[in-house]
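Okay, here's what each chain looks like letter by letter:
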Amino acid sequence: MASSPSAPAFSSQSWKYDISLSFRGEDTRNTFVGHLYPALEQEGIYTYKDDETLPRGETIRPSLMKAIEESQIAVIVFSKNYGDSSWCLDELAHIMKSRDTRGQIVMPIFYDVDPFELRKPKRKYGEAFAKHELENKTKVESWRKALVDASNISGWEPKHIANGHEAKAIKQIVLEISQKLQPVTSSLNENLIGMAARLQGLKLELEIGLDDVRMIGIWGVGGGGKTTLASLIYDEICSKFDGCCFVENIREESGRYGLGKLKEKILSEMEVNRAGGGRVLINNRFRHRKVLIVLDDVDHLDQLKALAGSHDWFGEGSRIIITTRDKHLLAAHKVNVIHNIRLLNNDEAIKLFCKHAPRDKRAVEDYEHLSKEVVSYAGGLPLALTVLGSFLCDKDINEWKSALARLKEIPATDIVEKLRISFDGLTKIEKELFLDIACFFRCWNKGDAMKILDECGFHPVIGVKVLIQKALVTISEDGKFDMHDLVQEMGHHIVRGEHPNNPEKHSRIWKEEDVLKICAMDANTELDMIEAIRYEYNKDCLVQHLPPIVANTNNLRWIQWEGDFASHLLSNFPQRTLCRLILYGSFQKQLWEGYKLLPNLKTVELWALDNLIATPDLMDFQILKDSFFMIVVV
């Protein structure tokens, strides 16, 4: 059984070459190394091999020694006659020295020799060192030490891999070398804070080098870095494939130009003869090719069916990467792995924000607190941190304070519009469901909220699943509705955005300031736009009574009111659309007189109405058998 090198401790060293090859040319140049070198190159592993990479006009020794120092990994091919060459032994000694001083990784391959022959030179190596003792006595000890140290490193014995099948052994070796290479972080844009670790995680899921065809979905909230991550992995691994293509903005481009144009793009960039029809060509032409395709911002299953219909469209080793906000699409297309994009942690968020809004010579104490406020507001969303940092970068301290105060009322348009794309893709009933959760039910127990949503006719079981799949809503560990702060702000902006100062034009009322404005309106003001009201009274609230004008809400679905209400309100409150009525702490003695035709009412809850002496007559409720009526006196 061949052993393989253990994973190295990655250093921050910048390398010119991925690997350098050390070998005895007479033994392996036209055999094992002759096959290993092109296999490495085909995988996109930049390899130094003296007779292949040496620039014209340079002497071998200085160039070779420099190449060793500039290579992340040194692969040494020990063959029967390797020890005969003082040249090879000098090279070996330099490799081992470079390992100690520069953190280089050494990977030995024992080709037709056993490692024990090197540890106490025997057979051919014993004969070779006997000669070196006579000719190069001063160097023998350093050579011997280097040889023993290298032979003690776990490496490969090709004769013990794949039953001695050399081609398969080389394939296995190349795969393991590829997996050991340090992530290429030096090429990452310096502003892409936190992406190196995320890139490495995605690479592990892609398992580059295996022969299977793999589809990977990158899923998460808008502005979370899906496209950025896909671009980085594409740039790093594209050289390992026979053909590659990055198809950007599929949601927009397919709507604007149709899927035919996107097929043409793939075929063109892959340098495929396009005569004969798009889908048939993608299906047939790539079946025997190892390709890399990124499908960015997919929002419909038809797009995946047209551009990457199934795994058998592509040749062995192909990788298809899909970015989307809709988890359902990935599951429906049966991708191999769904990679959930991870938002930035607090430290990463601070670094990214400060990259875009550097403090320069401004006093740290002036900006540190404000920077933390911005980072808290952004909630780890790279888009928000970048937008806000770029906006604030040239502003003074007072402008920062003003901008933050404004953000609490009016979120940044660039951020809202990016997030709103997910909302716009919902059905009408899913939009209503999302807005109710964003305005009323965040941090509510899911079961309690689902009951209300169901009473409103929103069929929340399937609808909530869609919202979760589109990364708009999450369920916390303790079973409560949750969402990103900026996603909630986006929902609030949709409800209030066009008319922030006119609550009579809002579909949902939950802010005290909006309740105050409604209370101050003329009694004849129409409130037909309002569908739901939730108001919680406390001693600091300025509104103590449910105003009579609320009787003008002719399309109210549900109301939850904490505090007193006008004595004659409910008598003038014949809400045919009302599904749920919840009242807390009123001094009302009677809700209404006689019968009320309330055909949609499912629940009445009366809490702490200790003066209530007459309950509403429920006999005329058309759906009495489905209704819930409760009075709780505290």
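This structure is a prediction, so every number in the text was calculated from the model and none was measured.

> I'm lost on unusual backbone geometry in this one. Help?
Across the chain, the bulk of peptide bonds are trans and the bulk of non-glycine residues have phi less than zero. Backbone geometry places Asp112, a non-glycine residue, at a positive phi of 65 degrees. Mapping Asp112 onto the fold places it in the loop between β4 (105-110) and α6 (116-119). A residue is classified by how much of its surface remains accessible, and Asp112, at 46% relative accessible area, is partly exposed. The phi torsion at Lys334 lies on the positive side, around 60 degrees, for a residue other than glycine.

> Before we go on, may I ask you to explain the packing of helix α2 (residues 32-42) against helix α9 (residues 166-180) in this structure?
Each pair of packed helices can be summarised by the angle the axes make with each other and by the distance between the axes. Between α2 and α9, the least distance of the axes is 10 Å, while the angle of their chain directions is 45 degrees. Taken together, α2 and α9 sit at an angle that is classed as oblique. Judged by the sense of rotation from one axis to the other, the crossing of α2 with α9 is right-handed. Counting all contacts with α2, which are made through Phe32, His35, Leu36, Ala39 and Leu40, the residues of α9 involved are Glu166, Ile170, Ile173, Val174 and Ile177. Split by residue class, the contact of α2 with α9 holds 8 nonpolar, 1 polar and 1 charged.

> Got a minute to help me understand the environment of Asn152 in this structure?
Relative to the helices and strands, Asn152 is located in the loop between α8 (137-151) and α9. What makes Asn152 exposed here is its relative accessible area of 52%. Each C-alpha atom, one on Asn152 and one on Pro108, is 9.3 Å from the other, the two residues being 44 residues apart in sequence. Side-chain polar atoms of Asn152 contact the side chain of Arg119, separated by 3.2 Å.

> Which parts of the structure should I look at to understand the sheet that holds strand β1 (residues 17-22)?
Strands in a sheet are paired, the pairing made by backbone hydrogen bonds, and the direction either parallel or antiparallel. One open sheet accounts for 4 strands, arranged β2-β1-β3-β4; its pairing is parallel. The sheet is open, and its two edges are formed by β2 (47-48) and β4, each paired on a single side. Here 6 bridges tie strand β3 (residues 71-78) to β4, and the two strands are oriented parallel to one another. Across the sheet, Ala74 pairs through a bridge with Val106, a residue of β4. Each of β1, β3 and β4 is contacted by helix α5 (residues 86-102), which is oriented at about 145 degrees to β3, the strand it contacts most.

> Help me understand the state of the cysteines, please; the structure alone is not making it clear to me.
Put plainly, two cysteines are in a disulfide when a covalent bond ties their sulfur atoms together. Per the stated rule, a full pass over the model turns up 0 disulfides. Its sulfur unpaired, Cys245 is 7.8 Å from the next cysteine sulfur, which belongs to Cys244. Cys245 sits in the buried class, given a relative accessible area of 0%.

> Explain the sheet that holds strand β8 (residues 319-324) to me, please; I cannot follow it from the model alone.
As summarised here, the arrangement of the 5 strands in space is β6-β7-β8-β5-β9, forming an open sheet in which the pairing is parallel. Either end of the sheet is taken by a strand with one partner, and the two such strands are β6 (243-247) and β9 (337-340). Going from strand to strand, the sheet's axes swing by 15 degrees on average, the running direction of each strand aside. Taken together, the 5 bridges between strand β7 (residues 291-298) and β8 define a ladder with parallel strand orientation. The partner of Val294 across the bridge, within β8, is Ile321. Contacting β6 and β7, helix α12 (residues 250-257) crosses the sheet at an angle of about 80 degrees to β7.

> Any chance you could explain the confidence of the model for the chain here in plain terms?
For the chain, the mean per-residue pLDDT works out to 81, and 82% of the residues sit at or above 70. Considering only residues more than four positions removed or in separate chains, one finds that residues 53-60, a stretch of pLDDT under 50, has 11 contacts. When the criterion is pLDDT under 50, residues 272-280 qualifies, and its contacts beyond four places in sequence or with other chains add up to 16 contacts.

> How do you make sense of the packing of helix α23 (residues 446-455) against helix α24 (residues 460-469) when you look at a structure like this?
For the pair α23 and α24, the least separation of the axes is 10 Å and the interaxial angle reads 115 degrees. Contact with α23, carried on its side by Met450, Leu453 and Asp454, involves Pro460, Val461 and Val464 of α24 and no other residues of that element.

> For this particular structure, what's the right way to read the environment of Lys171?
Residue placement: Lys171 occurs in helix α9. Looking at Lys171, the relative accessible area reads 45%, which means it is partly exposed. Once the C-alpha coordinates of Lys171 and Leu210 are considered, the two residues, 39 residues apart in sequence, prove to be 9.7 Å apart. A distance of 2.7 Å separates the side chain of Lys171 from the side chain of Asp211, its partner in a polar contact.

> What is the right way to look at the packing of aromatic side chains in this model?
The geometry of an aromatic ring pair comes down to the distance between the two centres and the angle between the two planes. Considering all chains together, one arrives at 15 aromatic pairs under this definition. Arranged with centres 5.5 Å apart and planes meeting at 85 degrees, the rings of Tyr234 and Phe246 form a pair that is edge-to-face. Here Tyr234 is found in helix α11 (residues 226-237), whereas its partner Phe246 is found in strand β6, with 12 residues between them in sequence. Residues Tyr234 and Phe246 agree in their burial class; the two are buried. Here the aromatic cluster, defined as three or more aromatic residues joined through ring pairs, consists of Phe440, Phe441, Trp444, Trp510 and Trp558. Above the ring of Phe241, the side-chain terminus of Lys290 is found at 5.3 Å from the ring centroid.

> When you look at the pattern of salt bridges in this model, what are you seeing that I'm missing?
Between side chains of opposite charge, a pair can form when the charged atoms approach closely. What the rule picks out here adds up to 33 salt bridges. Arg420 is the partner of Asp424 in a salt bridge, and the nearest nitrogen-oxygen pair spans 3.1 Å. Residue Asp424 and its partner Arg420 are both found in helix α21 (residues 413-424); the two are separated by 4 residues, about one turn of the helix. Note on Asp424: relative accessible area 43%, which makes it partly exposed. Under the relative-accessibility criterion, Arg420 is labelled partly exposed at 27%. Salt bridges here are not isolated pairs; linked through shared partners, they connect Lys428, Glu432, Asp436, Arg508, Glu531 and Arg557.

> What is the right way to read the nonpolar core from this model?
General note: in soluble globular proteins, nonpolar side chains tend to be found buried as a group. Of all hydrophobic cores here, the largest spans 87 residues; its most connected members are Leu295, Phe314, Phe434, Ile437 and Phe441. Top element by residues in this core is helix α22 (residues 428-441). It accounts for 8 residues. Setting aside anything within four residues of it in sequence, one finds Phe434 in contact with Phe423, Leu426, Leu467, Leu472, Val473, Met483, Val487, Met490 and Gly491. Counting residues in hydrophobic clusters, the runner-up holds 27 residues, among them Tyr48, Leu64, Ile76 and Cys88.

> Looking at this structure, I do not really get the pairing of β9. What am I missing?
In the case of a regular strand, side chains alternate between the two sheet surfaces. Because side chains alternate across β9, one face comprises the buried residues Val337 and His339, and the other comprises Ile338 and Asn340, none of which is buried. Alignment of strand β5 (residues 214-219) against β9, held across 4 bridges, turns out to be parallel. Counterpart to Ile216 in the pairing with β9 is Val337.

The rules behind the values
Residues numbered from 1 in each chain as written. Predicted model: local features only at pLDDT ≥ 70, side-chain atom pairs only at ≥ 80, totals over all residues. Heavy atoms only, no water. Helix = DSSP H or I, 4+ residues; strand = E, 2+ residues; numbered from the N terminus. Buried < 20%, exposed > 50% of the residue type's maximum accessible area, 1.4 Å probe, protein only. Axes fitted to C-alpha atoms, helices over the stretch in contact; angles between N-to-C directions. Parallel < 35°, antiparallel > 145°, perpendicular 65-115°, else oblique. Left-handed = near helix turned anticlockwise from the far one by under 90°. Contact = heavy atoms within 4.5 Å. Nonpolar A, V, L, I, M, F, W, Y, C, P; charged D, E, K, R; others polar. Polar contact = N/O pair within 3.5 Å; in protein donor to acceptor, adjacent residues only side chain to side chain. Pairing = 2+ DSSP bridges. Disulfide = S-S within 2.5 Å. pLDDT = per-residue confidence, 0-100. Phe/Tyr/Trp six-rings, centres within 6.5 Å; stacked < 30°, edge-to-face > 60°. Lys NZ or Arg CZ within 6 Å of the ring centre and 35° of its normal. Salt bridge = Lys/Arg side-chain N within 4 Å of Asp/Glu carboxyl O. Core = buried A, V, L, I, M, F, W, Y, C linked by side-chain atoms within 4.5 Å.

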